[in-house]
Amino acid sequence: MRFSTLLFLSKGSFVDWRNLGHRPCPKSIHFMELLNFYPTSVRSLQSKFYLCASKICEMNVSYKWLKNFLDIDKTPEELSLILTDIGLEVEVLEKVQSIPGGLDGLVVGEVKSCEQHPNADKLRITTVDVGGEALLNIVCGAPNVRTGLKVIVAQVGTVCHPLAGEPFKITKSKIRGEVSEGMLCGEDEIGLGTSHAGIVELDAATAIGSLVKDYYQISDDYRYEIGLTPNRADAA
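Undergrad: Please clarify how the overall build of the protein should be interpreted in this entry.
TA: Tallying secondary structure elements over the protein gives five helices and 14 strands in all. Counting every position in the protein, which comprises 236 residues, the buried fraction comes to 42%. For the protein, the proportion of contacts with a sequence separation of at least 24, taken over those separated by at least 6, is 58%. With the model as given, the accessible surface of the protein reaches about 13500 Å², and the carbon-plus-sulfur share is 52%.

Shown next as structure tokens:
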């Protein structure tokens, strides 16, 4: 969910103030928000506020959302300390990724050669340029692999986060007697989609060695879980 407005969390559910409408008072609500829901006397509003405040759990705020409104040059960790110092105690600081793993470690490569595997009919032996000093030898079973194709490469040491199953680390190995120094990725193998028909084919103009997360414009966010203190006027 995009943090286009301040989000509060009560019993594990996000509440977006724009979508509340004129409904009964939710359990997590700020006093000023009550003005939009209860056209009654101030005394009545105060009583409703204190009733709700006693049941507040926590507030969740997005680091990116804050940067849309404030000129912040602090890291998420530094901002966490500042929020706590001004009375908004940060109980949890958590990285949030739109795609599990955030496509970290994946790079763009170009298939320079593609030959039949001598010991397996459905496998190909490829050499792939990822912008390093040497080409990588990678065994691939995808039916659409071919010379000149721009592909997503998981090099040795990269942790892949598939759509289903547990994350796995790429290691240098031998496949049917041939050395493989990485993996050419299908979208389901890295959490991009559900297709298992073959490897992902990138635009031909994509720069070799560039980050796949930049190609898909994936960036991390951070979630602040703030413990609310309704008894403190300076932090209300």
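Continuing now.
Undergrad: Where do I start with the nonpolar core in this structure?
TA: Soluble, globular proteins show a tendency: their nonpolar side chains are buried together. In this structure, L103, L106, I152, A154, C160, C185 and I190 are the most contacted members of the largest nonpolar core, which totals 15 residues. When contributions to this core are tallied by element, the ones reaching two or more residues are β5 (106–116) and β8 (150–155). When sequence neighbours within four positions are dropped, the list of residues in contact with A154 reads L106, C160, I170, G182, M183 and C185. Counting residues in each nonpolar core, the second largest holds 14 residues, with L136, I138, C140 and V151 among its members.

Undergrad: Would you explain the sheet that holds strand β7 (residues 136–140) in this entry?
TA: In a beta sheet, neighbouring strands are held together by backbone hydrogen bonds and run either parallel or antiparallel to one another. Read across the sheet, five strands follow the order β7-β6-β5-β8-β13 without closing on themselves; strand pairing throughout is antiparallel. Every interior strand has two partners, whereas the edge strands, β7 and β13 (182–184), have only one. Mean inter-strand twist for the sheet, computed between neighbouring axes without regard to direction, equals 45°.

Undergrad: Which parts of the structure should I look at to understand the pattern of salt bridges?
TA: Any two side chains of opposite charge can pair if their charged atoms end up close together. For the coordinates displayed, the defined rule picks out six salt bridges. Residue K213 is joined to D104 by a salt bridge in which the shortest nitrogen-to-oxygen separation is 2.8 Å. Within this pair, whereas K213 is found in helix α5 (residues 212–215), its partner D104 is found in the loop between β4 (89–96) and β5, the two being separated by 109 residues in sequence. With relative accessibility at 15%, the residue K213 sits in the buried group. Here the salt bridges do not stand alone but share partners, grouping E94, R223 and E225 into one network.

Undergrad: Hey, could you run me through the pairing of strand β14 (residues 221–227) in this one?
TA: Strand residues, when the strand is regular, have side chains that alternate between the two faces of the sheet. Burial analysis of β14 places seven of its seven residues in the buried class, which makes it a mostly covered element. Residues D221, R223, E225 and G227 of β14 are buried on one face, and the alternating residues Y222, Y224 and I226, pointing to the opposite face, are buried as well. Examined bridge by bridge, β4 and β14 share seven bridges and lie antiparallel to one another. For E89, the partnering residue across the bridge sits in β14 and is G227.

Undergrad: Teacher, can you tell me more about empty space enclosed by the protein here?
TA: Empty space among the atoms becomes visible once a probe the size of a water molecule is rolled across them. As enumerated under the stated definition, the model contains one cavity of 30 Å³ or more in all. Around the largest cavity sit P100, G101, L103, D104, L106, V159, C160, H161 and I190, which together line it. A breakdown of the residues in the lining of the largest cavity according to their chemical character gives six nonpolar, two polar and one charged.

Undergrad: Quick question: what am I supposed to make of the side chain of R223 here?
TA: Position of R223 relative to the elements: it lies in strand β14. Reaching out from R223, the side chain makes a polar contact with the side chain of E225 at a distance of 3.2 Å. If we ignore the near neighbours within four places in the chain, the residues touching R223 are N60, V61, V92, L93, E94 and V96.

Undergrad: What should I look at first to understand helix α4 (residues 76–85) in this one?
TA: Side chains of residues three or four places apart in an α-helix project in the same direction, reflecting 3.6 residues per turn. Residues of α4 that are buried: P76, L79, S80 and L83. Here the buried residues of α4 occupy an arc of 110° about the axis, which is enough to place them on one side. With respect to the buried face of α4, the exposed residues turned more than 90 degrees away are L81 and D85. Those residues of α4 that are buried are in contact with α3 (63–69), β4 and β14. At the C-terminal side of α4, G87 shows a positive phi close to 105°.

Undergrad: Even after reading the chapter, I still don't get the pairing of strand β3 (residues 58–62), so can you show me in this structure?
TA: With five of five residues buried, β3 lies mostly within the body of the structure. With four bridges connecting them, β3 and β14 associate as antiparallel partners. Counterpart to S62 in the pairing with β14 is R223.

Undergrad: How should the packing of aromatic side chains be read in this particular structure?
TA: For any pair of aromatic rings, the description consists of the separation of the ring centres together with the inter-plane angle of the planes. Throughout the structure, instances matching the rule amount to four aromatic pairs. Ring geometry for Y63 and Y222: centres 6.3 Å apart, planes at 90°, overall edge-to-face. One end of the pair, Y63, is in helix α3; the other, Y222, is in strand β14, with 159 residues separating them in the sequence. Taking the relative accessible area as the measure of exposure, Y63 reaches 9% and is therefore buried. Taken together, the ring pairs connect Y63, Y222 and Y224 into an aromatic cluster.

Reading guide: rules and limits
Residues numbered from 1 in each chain as written. Predicted model: local features only at pLDDT ≥ 70, side-chain atom pairs only at ≥ 80, totals over all residues. Heavy atoms only, no water. Helix = DSSP H or I, 4+ residues; strand = E, 2+ residues; numbered from the N terminus. Buried < 20%, exposed > 50% of the residue type's maximum accessible area, 1.4 Å probe, protein only. Contact = heavy atoms within 4.5 Å. Areas by Shrake-Rupley, 256 points an atom, 1.4 Å probe, with all protein chains shown as cover. Core = buried A, V, L, I, M, F, W, Y, C linked by side-chain atoms within 4.5 Å. Pairing = 2+ DSSP bridges. Axes fitted to C-alpha atoms, helices over the stretch in contact; angles between N-to-C directions. Salt bridge = Lys/Arg side-chain N within 4 Å of Asp/Glu carboxyl O. 1 Å grid on protein atoms, 1.4 Å probe; cavity = no way out; pocket = protein on both sides within 12 Å on 5 of 7 lines; lining within 4 Å. Points joined across faces, edges and corners; volume = space filled by probe spheres on them. Nonpolar A, V, L, I, M, F, W, Y, C, P; charged D, E, K, R; others polar. Polar contact = N/O pair within 3.5 Å; in protein donor to acceptor, adjacent residues only side chain to side chain. Arc of directions from axis to C-beta. Phe/Tyr/Trp six-rings, centres within 6.5 Å; stacked < 30°, edge-to-face > 60°.

Function-wise, these values are silent; they only describe arrangement.
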